[in-house]
Amino acid sequence: MPAPLALYDNYTRSLRPFAPLGAGPVGLYTCGPTVYDYQHIGNFRTFLFEDVLKRVLMANGYDVRHVMNITDVGHLVADGDDGEDKMAVGARRAGKTAWQIAGIYTEAFLADMRALAILPPTVLCRATDHIAEQVAFIADLESRGYTYRTADGIYFDTSRQPDYGYLARLDRAGLEAGKRVDIGDKRSPTDFALWKFSPPGEKRQMEWPSPWGIGFPGWHIECSAMAQKYLGDFFDIHCGGEDHIPIHHTNEIAQTEARVGTRLANFWMHGYFLLANDAKMAKSAGEFLRVKALVDRGYDPLAFRYLCLTAHYRTQLNFTWDALDAAATGLARLRAGFHALPDDGSAADAASVERFMSHANDDLNMPRALAVAWEVLRGDLAGGVRRATIAALDATMGLGLAHWHPREDIVPDDVRELAEARLAARAARDFAESDRLRDALKSAGWDVEDRKGAYTLKRAAAAASSKGEGVAR
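Throughout what follows, the structure given in this document is the object of discussion. (Residues numbered from 1 in each chain as written. Predicted model: local features only at pLDDT ≥ 70, side-chain atom pairs only at ≥ 80, totals over all residues. Heavy atoms only, no water.)

**Describing the pattern of salt bridges**
Taken as a whole and assessed by the stated rule, the structure comprises 20 salt bridges. For Arg 305, the salt bridge is made with Asp 51, and the minimal N-O distance between the two is 2.6 Å. Taken as a pair, Arg 305 in helix α9 (residues 301-309) and Asp 51 in helix α1 (residues 41-59) lie far apart in primary sequence, 254 residues in all. When its relative accessible area of 1% is taken as the criterion, Arg 305 is described as buried. As a salt-bridge pair, Glu 433 and Arg 436 come within 2.8 Å of each other at their nearest N and O atoms. With Glu 433 and Arg 436 both in helix α15 (residues 431-443) and three residues apart, this pair spans about one turn of that helix. Overall, the relative accessible area of 26% leaves Glu 433 in the partly exposed class. Residue Arg 436 is classed as partly exposed on the basis of its relative accessible area of 47%. Through salt bridges with shared partners, a single network forms among Arg 422, Arg 426, Arg 438 and Asp 450. (Salt bridge = Lys/Arg side-chain N within 4 Å of Asp/Glu carboxyl O. Helix = DSSP H or I, 4+ residues; strand = E, 2+ residues; numbered from the N terminus. Buried < 20%, exposed > 50% of the residue type's maximum accessible area, 1.4 Å probe, protein only.)

Have a look at this one:
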């Protein structure tokens, strides 16, 4: 038997054995996208970690009830209580209504999910479809004395909770002593909006009536309300990115404790950032990479999935094109090796599956689990057994090996030789020969894109669906 499943819980800051709270499906809530723009590959690193978690739970024999929200209202630009709603900003940028961009970016998100082989959630719920639940939640908090009114909204009074901020280990005394910014009518910097009033005389695209006046819900209330609706007052696992720890998830816990006395989820798990040039990838920076950008450069999106498997979800991963090149090469070799093995109906090797799952069950240690897949491929088990074993492991890795077939745009050996010769000519600064070889590649139907010490090949005048890459040695 593989080692039992253990997961790192950020609430207790410990690695804990996982056991479901009830006899039914494991309840899993994952914070989904705010659909004011396209999601970038940094966002998808978190969604991929959550997909691996779900697959590992399933590999351990659990049914999973997975709920993911779509934030289409209430998320302000400062991730707190300041500035405009991100949906209004996105609508103005796109020249469309907030409702229109919510539809456009939700569909784009779901298409990218499919491209990355991320399993769909059991329930995909939109904040704007659950205004009544959020209003009822706030009314309950008000009846329990946890709210107060200001000129711009209804706020949660964090002073009522001595352990507020425990998830993030917030230094509340330090925050109070060191506050230098204008917090408006809020009583404390840590208090947060439950309901925001529409500005007087201004008609918003997204606003609703409530017992407190026309307005819209805050960001944090939606997740607590929808998680409770679909998973109950206390469920198994809640996930998100590491940036959710100090504000969003801290406030989800606070308002849920105030309403029903639980911390909402038994495990709180967080994926760490994808970095670009050692800086967090963020839409606010103005430059970010979409999955489409990878495809446009000739990469298979699953190469990015493979790259994410090479790093533990609780370590930051620095994205570079060289790293993606290496991942694309690894995926191509794994695919080729898998399909070179006979499909003779053999059973998977139980010992290898057990080793793989022992690593996967060690807080989703996918780099070590991936190494087991390579050991099987290169090992001395019978070919059919190796194929069946890797197929079994891939149910957790999610690389779709069994469904992949070689495509016509795999780089032929003679084209590769031309490209390698051109790379050598460029290194020798023989630009005339380099130009001649570029023309030869073009005549053979291939375009070449140069990078420092490397190149990318893709078929000319065709959208590349797979990629050939070479790196100078």
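Okay, back to it.
**A word on the sheet that holds strand β4 (residues 64-70)**
Taking strand neighbours across the sheet as the criterion, the five strands line up as β5-β4-β3-β10-β11 in an open arrangement whose pairing is parallel. Two strands lie at the open edges of the sheet, namely β5 (123-126) and β11 (265-271), each paired on one side alone. With strand direction ignored, the average angle separating the axes of adjacent strands in the sheet is 20 degrees. Inspection of the sheet shows strand β3 (residues 26-30) paired to strand β10 (residues 235-241) by three bridges, in the parallel sense. (Pairing = 2+ DSSP bridges. Axes fitted to C-alpha atoms, helices over the stretch in contact; angles between N-to-C directions.)

**What to know about α15**
Residues lying three or four places apart along an α-helix face the same way, a consequence of the helix completing one turn every 3.6 residues. The terminal C-alpha atoms of α15, which comprises 13 residues, lie 18 Å apart, in line with the 18 Å expected from a rise of 1.5 Å per residue. Residues of α15 that are buried include every one of Ser 434, Leu 437 and Leu 441, and no others. The buried residues of α15 occupy an angular sector of 65 degrees when the element is viewed end-on, so they sit on one face. In α15, the exposed positions angled more than 90 degrees off the buried face are occupied by Ala 432, Asp 439 and Ser 443. (Expected span 1.5 Å × (residues − 1). Arc of directions from axis to C-beta.)

**What to know about α9**
Within α9, nine of the nine residues are buried, which leaves the element mostly enclosed by the surrounding structure. Those residues of α9 lying buried are Pro 301, Leu 302, Ala 303, Phe 304, Arg 305, Tyr 306, Leu 307, Cys 308 and Leu 309. Its side-chain oxygen at 2.8 Å from the backbone nitrogen of Leu 302, Asp 300 defines the N-terminal cap of α9. (Polar contact = N/O pair within 3.5 Å; in protein donor to acceptor, adjacent residues only side chain to side chain.)

**Considering the environment of Phe 304**
Along the chain, Phe 304 turns up in helix α9. Looking at Phe 304, the relative accessible area reads 0%, which means it is buried. Sequence-wise, Phe 304 and Phe 18 are 286 residues apart; in three dimensions their C-alpha atoms are separated by 28 Å. In this view, Phe 304 contacts Ile 41, Phe 44, Arg 45, Leu 48, Leu 116, Leu 274, Leu 294, Phe 319 and Leu 324; residues no more than four positions away in its chain are not counted. (Contact = heavy atoms within 4.5 Å.)

**A word on the nonpolar core**
Judged by nonpolar contacts, the single largest core of 99 residues is most densely connected at Ile 237, Met 269 and Phe 304. The greatest single-element share of this core, amounting to nine residues, is contributed by α1. Those residues in contact with Ile 237 that lie beyond four places of it in its chain are Leu 7, Phe 18, Gly 27, Leu 28, Tyr 29, Leu 53, Leu 57, Ala 265, Phe 267 and Met 269. Residues Val 67, Ala 168, Ala 227 and Ala 265 belong to the second largest nonpolar core, which totals 18 residues. (Core = buried A, V, L, I, M, F, W, Y, C linked by side-chain atoms within 4.5 Å.)

Keep in mind that these numbers describe shape and distance, not what the molecule does.
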